[in-house]
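# Reading the structure
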Amino acid sequence: MIRAVVQADPIDLARELSAIEAHGAGGIATFTGLVRADDGVSTLELEHYPGATDAALLALAEQAARRWSLLAVTVIHRVGLMQPGERIVFVGAAAAHRAPALEACAFLIDRLKTDAPFWKRETRGGNARWVEPRGSDDAAAARWSEPD
Amino acid sequence: MIRAVVQADPIDLARELSAIEAHGAGGIATFTGLVRADDGVSTLELEHYPGATDAALLALAEQAARRWSLLAVTVIHRVGLMQPGERIVFVGAAAAHRAPALEACAFLIDRLKTDAPFWKRETRGGNARWVEPRGSDDAAAARWSEPD
Amino acid sequence: MLYFAWVREAIGVGQERIDPPESVSTVTQLIDWLAARSDGHARAFADRSRLRAAVDQLFVPLEAPLGRPREVAIFPPVTGG
Amino acid sequence: MLYFAWVREAIGVGQERIDPPESVSTVTQLIDWLAARSDGHARAFADRSRLRAAVDQLFVPLEAPLGRPREVAIFPPVTGG
């Protein structure tokens, strides 16, 4: 199963997990990104490049499925307005054993941060500002480059 | 939150995840181990060393919480009789950012495989046999050793 | 043209149809040409190091040849996930 | 004494009270002494490389000194998770 979705609705973890679990894997690794509730952000808005985001998520999911022989892979990214504590992104990878599931999960979230056209705008105390990219994200994504 | 549990009941993922999500993290990594449905096992039985298992899971959870400054960490291991597709083990780690959450999650499952007194017995086609340890598990656990 | 995030806000619109001259053959040259259209464009495109581009939905370096695309997008570095 | 998994099955019981002589001062010596108790013990303890031990619930190498523990467990390498 390869599932890549951009959606405005909240991410239904229970549903996504059972869909992944249905594929007979020995291990499932997941990562969920949340709007942090501890740093004064009142709302977060996610803008995206419609069409290009779906293609980017699908390309990442397919790449991970091939590289780690995954039985199931899911990548879901929310867009629109979100509150602290809400899920922004969910990635899940199912494999026969734990190492490929864990690695694929780390790959997916690292590369999603740099390869998918989403932009975050935070509102703090009434002031909205676009989130600046972090250099550490590029470094994290680069470690997954494969030799040609 | 540090939660370490040995239980005969099925693992309630939705409940475990919401407990972790309540701690304001930016990222949550999880790993779920399942009885594989693809290799002819009809039942799996988990024996453990009562008392020592609880202590081992708690020690691992505390170590991870300290080493990666986790906001929440959960380790749940089932014991008793299980069917293919059922969850054997769940680990979850919540942190401000994704890297510590992902690393802590990999640490927890790698070390749990070698440090916690559980033994698996598989039944295939009516024949029960104790699962042999895998050398690769020792190697995976060893990579987390810290310099003294 | 498609614009996103603060590029879109500076320019004031999320998309526009354009008809650049034949001499515009790279993304950078397209940005140079667009920058002259309005103060908003000039402001949005002032710091090239903060711009990224996609040609027909494919991420490309700014110095990439343009070809004859149907859709070009200019935006800041991505910050999703 | 506590036994788990196939060690328990070979011996036929999961626990037993024992009173080893003073000369037994390491886990290995305790295993030697236990092996003489029955055919099941002998079978369970035949291959030392497949045995692990815990003294008062603390994992220890087989050559570890025994002290005066309240609880010693002998079992195969763990296979949980």
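Heads up: the structure comes first, above all this text.
Remember, predicted model here, so these are calculated numbers, not experimental data.

The subject of this paragraph is the relation of the copies chain B and chain A. Least-squares fitting of chain B to chain A yields an RMSD of 0.0 Å, with the superposition described by an axial translation of 0.0 Å and a rotation of 180 degrees. Considering both components of the superposition, the chain copies are consistent with a two-fold axis. Scanning chain B for the C-alpha nearest the rotation axis identifies threonine 30 of chain B, at a separation of 2.6 Å. An overlap of 100% is found between the interface residues of chain B and their copies at the interface of chain A, pointing to a shared contact surface.

Bringing the interface of chain B and chain A into the picture now. The interface is formed by 32 residues belonging to chain B together with 32 residues belonging to chain A. Buried area between chain B and chain A, summed over both chains or domains, comes out near 2,600 Å², and the portion from carbon and sulfur atoms is 52%. The interface formed by chain B and chain A includes 6 salt bridges. With a closest N to O distance of 3.1 Å, arginine 98 of chain A and aspartate 137 of chain B form a salt bridge. The tally of links from chain B across to chain A stands at 13 residue pairs in polar contact (both at pLDDT 80 or more). Mapped onto the side of chain B that touches chain A, the elements with two or more residues apiece are α1 (13-21), β2 (27-34), α3 (98-115) and α4 (135-142) of chain B. Along the lines of polarity and charge, the residues of the side of chain B that touches chain A split into 16 nonpolar, 7 polar and 9 charged.

Glancing now at the interface of chain C and chain A. Contacts between the two partners involve 20 residues from chain C, matched on the other side by 23 residues from chain A. Summed over both partners, the interface of chain C with chain A comes to about 1,700 Å²; 57% of that surface belongs to carbon and sulfur atoms. Our count for the chain C to chain A interface comes out at 3 salt bridges. When the shortest N-O distance is used, the salt bridge between glutamate 9 of chain C and arginine 121 of chain A registers 2.2 Å. Listed by contribution, the elements that provide at least two residues to the side of chain C that touches chain A are β1 (2-3), α1 (5-11) and β4 (72-75) of chain C. Ranked by the residues each element gives to the side of chain C that touches chain A, the list is headed by α1 of chain C, at 4 residues. Of the residues belonging to the side of chain C that touches chain A, the class tally is 12 nonpolar, 4 polar and 4 charged.

Looking now at the pairing of β2 of chain B. Burial analysis of β2 of chain B places 8 of its 8 residues in the buried class, which makes it a mostly covered element. Of the two faces of β2 of chain B, the one holding Gly27, Ala29, Phe31 and Gly33 of chain B and the one holding Ile28, Thr30, Thr32 and Leu34 of chain B are both buried throughout. In this sheet, β2 of chain B lies alongside strand β2 (residues 27-34) of chain A in antiparallel orientation, the contact comprising 7 bridges. Along β2 of chain B, the bridge assignment pairs phenylalanine 31 of chain A with alanine 29 of chain B. Judged from the 8 bridges that link them, β2 of chain B and strand β6 (residues 87-95) of chain B form a sheet pairing that is antiparallel. Along β6 of chain B, the bridge assignment pairs glycine 27 of chain B with alanine 95 of chain B.

What counts, and where the lines are drawn
- Residues numbered from 1 in each chain as written.
- Chains lettered and ligands numbered in written order.
- Predicted model: local features only at pLDDT ≥ 70, side-chain atom pairs only at ≥ 80, totals over all residues.
- Heavy atoms only, no water.
- Least-squares fit on C-alpha atoms with pLDDT ≥ 70 in both.
- Contact = heavy atoms within 4.5 Å.
- Buried area = accessible area lost by both parts, 1.4 Å probe.
- Salt bridge = Lys/Arg side-chain N within 4 Å of Asp/Glu carboxyl O.
- Polar contact = N/O pair within 3.5 Å; in protein donor to acceptor, adjacent residues only side chain to side chain.
- Helix = DSSP H or I, 4+ residues; strand = E, 2+ residues; numbered from the N terminus.
- Nonpolar A, V, L, I, M, F, W, Y, C, P; charged D, E, K, R; others polar.
- Buried < 20%, exposed > 50% of the residue type's maximum accessible area, 1.4 Å probe, protein only.
- Pairing = 2+ DSSP bridges.

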